[in-house]
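Chain by chain, the residues run as shown.
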Amino acid sequence: ERASAVLGAGAALGRGRSGSRVPTVPLNGVEGTVEMPMAGLGVWQYNSSQAEAALMTALSVGYNMVDTALGYGNQEGVGRALKRWFAAGKLRREDVFVTSKIPGGLTAADATAALERCLEQLGLDFVDLMLVHFPASWEGVGGAALRKEQWLAMEDFAKKGGARALGVSHYCPRHLDDVLSVATVPVALNQAQYHVGMGAADDDATDGIAYDRLMGVVYQSFSPLCGPCGTDELISGELVTSIGAKHGKSGAQVSLRWQIQQGIPVIPKSDKEAHLKANLDLFDWTLSPVEMHMLTVATSPPVSGTNSTPPTSGDCDVA
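Computed from a prediction, not measured in an experiment: that's the story for all the values here.

Definitions and limits used
- Residues numbered from 1 in each chain as written.
- Predicted model: local features only at pLDDT ≥ 70, side-chain atom pairs only at ≥ 80, totals over all residues.
- Heavy atoms only, no water.
- Helix = DSSP H or I, 4+ residues; strand = E, 2+ residues; numbered from the N terminus.
- Buried < 20%, exposed > 50% of the residue type's maximum accessible area, 1.4 Å probe, protein only.
- Contact = heavy atoms within 4.5 Å.
- Areas by Shrake-Rupley, 256 points an atom, 1.4 Å probe, with all protein chains shown as cover.
- Core = buried A, V, L, I, M, F, W, Y, C linked by side-chain atoms within 4.5 Å.
- Disulfide = S-S within 2.5 Å.
- Salt bridge = Lys/Arg side-chain N within 4 Å of Asp/Glu carboxyl O.
- 1 Å grid on protein atoms, 1.4 Å probe; cavity = no way out; pocket = protein on both sides within 12 Å on 5 of 7 lines; lining within 4 Å.
- Points joined across faces, edges and corners; volume = space filled by probe spheres on them.
- Nonpolar A, V, L, I, M, F, W, Y, C, P; charged D, E, K, R; others polar.
- Pairing = 2+ DSSP bridges.
- Polar contact = N/O pair within 3.5 Å; in protein donor to acceptor, adjacent residues only side chain to side chain.

Caption draft 1: Up close: the overall build of the chain. Along its length, the chain carries 13 helices and 10 strands. Considered along the principal axes of its C-alpha atoms, the chain spans approximately 55 × 50 × 35 Å. Out of the 319 residues belonging to the chain, those deemed buried represent 55%. Across the chain, the fraction of contacts at a sequence separation of at least 24, relative to all contacts at a separation of at least 6, is 73%. As displayed, the chain offers around 12,900 Å² of accessible surface, 53% of which is attributable to carbon and sulfur atoms.

Put into structure tokens, the structure is as follows:
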């Protein structure tokens, strides 16, 4: 059953656990198509205990995707929550989609060690999606040659069963081209900052959403409510709350729905049950074309990352 009219091109409606209907988007995986939920739990800036508690609550209200990273320092907590659900017989491994990331700028040997450390910390035999977190080290050390070397190490890990799909994060078109020039496994996904306020922004802000789509790479949003922006505009601002009032939804739900309706998966962060439920209540209602346009042409809040004019993510400046 297709749901493109509601979710945006490329999204399909799959059946989740406990008989619920869960929207998914198809990824180009290592061995064919991998279905990824359109919404999941983000755990950036949570410590292990907080991540464990947030995921325990999220799973209890119907979530089936969690996004973590080696650099978050909380994978053990994510793993503990999953282990508790597995042990109780409430969840099978195939019922939950797990994304992790390793740092960028790594040699093949260091990348392989980081990949294995992810599985060890999570207590899993494989992840569903593994990403390179940044096109270089966080200090900007790396370059095209290391991007290629690291990607091939990712491929080796995935081909041995460590990941069902591979992708990148913070990659601009030039960085993606480096990987595509050597890739024998599809680049399934690029995770970048995207939210209301960026709908008309260029590649230096979005990291190249149009190019990703052209190359068959799913574009996923992190910080979909602009957590790093220092504003609650996408939660309590006039634009999103006024639209939400017409649908009986919150401003945050409108901000998330705007992305979902474009076929962009989201991973908002919360540890509160009410917010977790609301952040998953995105799939049985639709924003009108006029409302979508109003949200798309909004220019605030802009991307966070640099103080340049116009604002940019800074990712495309990475060598």
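More follows now that the structure is in view.
Caption draft 2: Broad picture of the nonpolar core. Counting residues in hydrophobic clusters, the biggest one holds 48 residues, and the most contacted among them are Leu41, Leu82, Ile102 and Met130. Where this core is concerned, the elements lending two or more residues are α2 (48-60), α3 (75-87), β6 (97-102), α4 (108-122), β7 (127-132), α5 (144-159), β8 (163-169) and α6 (173-180). Among all residues touching Leu41, those that are not within four sequence positions of it are Ala54, Leu55, Ala58, Tyr63, Met65, Val66, Asp67, Ile267, Pro268, Ser270 and Leu276.

Caption draft 3: A look at the state of the cysteines. The tally for this structure, following the rule as stated, stands at 2 disulfides. The side chain of Cys172 participates in a disulfide bridge whose partner is Cys316; the two sulfur atoms lie 2.0 Å from each other. An S-S torsion of about -90° defines the bridge between Cys172 and Cys316 as left-handed. Taken as a pair, Cys172 in the loop between β8 and α6 and Cys316 in the segment after α13 (289-297) lie far apart in primary sequence, 144 residues in all.

Caption draft 4: Layout of the pattern of salt bridges. Counted according to the given criterion, the structure contains 13 salt bridges. Across the salt bridge formed by Arg80 and Glu52, the nearest N and O atoms sit 2.8 Å from each other. With Arg80 in helix α3 and Glu52 in helix α2, the pair connects residues that are 28 residues apart, well separated along the chain. Residue classification places Arg80 among the partly exposed positions, given a relative accessible area of 36%. What makes Glu52 buried here is its relative accessible area of 13%. What emerges from the salt-bridge pattern is a single network uniting Glu52, Arg80 and Arg84.

Caption draft 5: Spatial organisation of the layout of surface pockets. The space that makes up the largest pocket amounts to roughly 990 Å³. If you list the elements that add at least two residues to the lining of the largest pocket, you get β9 (187-193), α11 (251-260) and α12 (273-280). Take the lining of the largest pocket: its biggest share by element is 4 residues, from α12. The residue inventory of the lining of the largest pocket, partitioned by class, reads 18 nonpolar, 19 polar and 7 charged.

Caption draft 6: Structural detail: the pairing of strand β10 (residues 218-222). Most of β10 is tucked away: 5 of the 5 residues are buried. Taken together, the 5 bridges between β9 and β10 define a ladder with parallel strand orientation. Looking at β10, one finds that Ala192 is bridged to Ser221.

Caption draft 7: Here's a closer look at unusual backbone geometry. Omega for the peptide link from Ser300 to Pro301 comes to 0°, which places this bond in the cis form. Locating Pro301 in the fold gives a position in the segment after α13. Phi angles above zero are rare outside glycine, and Gln45 is one such case at about 75°. Relative to the helices and strands, Gln45 is located in the loop between β4 (41-42) and α2. Taking the relative accessible area as the measure of exposure, Gln45 reaches 55% and is therefore exposed. One non-glycine residue, Cys226, adopts positive backbone phi at about 60°. Within the secondary structure, Cys226 sits in the loop between β10 and α9 (233-236).

Caption draft 8: Representation of the environment of Gln193 in the model. Along the chain, Gln193 turns up in strand β9. Separated by 23 residues in sequence, Gln193 and His170 have C-alpha atoms that sit 7.8 Å apart. If sequence neighbours within four positions are ignored, Gln193 has contacts with Met198, Ala205, Tyr219, Phe222, Ser223, Cys226, Cys229, Val303 and Ser304. Of note is the side chain of Gln193, whose polar atom sits 3.0 Å from the side chain of His195. In this structure the side chain of Gln193 is engaged in a polar contact, spanning 3.0 Å, whose partner is the backbone nitrogen of Ser304.

Caption draft 9: Examining the sheet that holds β6 more closely. Ordered by their spatial adjacency, 7 strands build an open sheet running β4-β5-β6-β7-β8-β9-β10, and the pairing between neighbours is parallel. With one partner strand each, in any of the chains shown, β4 and β10 form the two edges of the open sheet. The pairing of β4 with strand β5 (residues 65-67) spans 2 bridges and is classified as parallel. Bridge pairing links Leu41 to Val66 in β5.

Keep in mind these values describe shape, not function.
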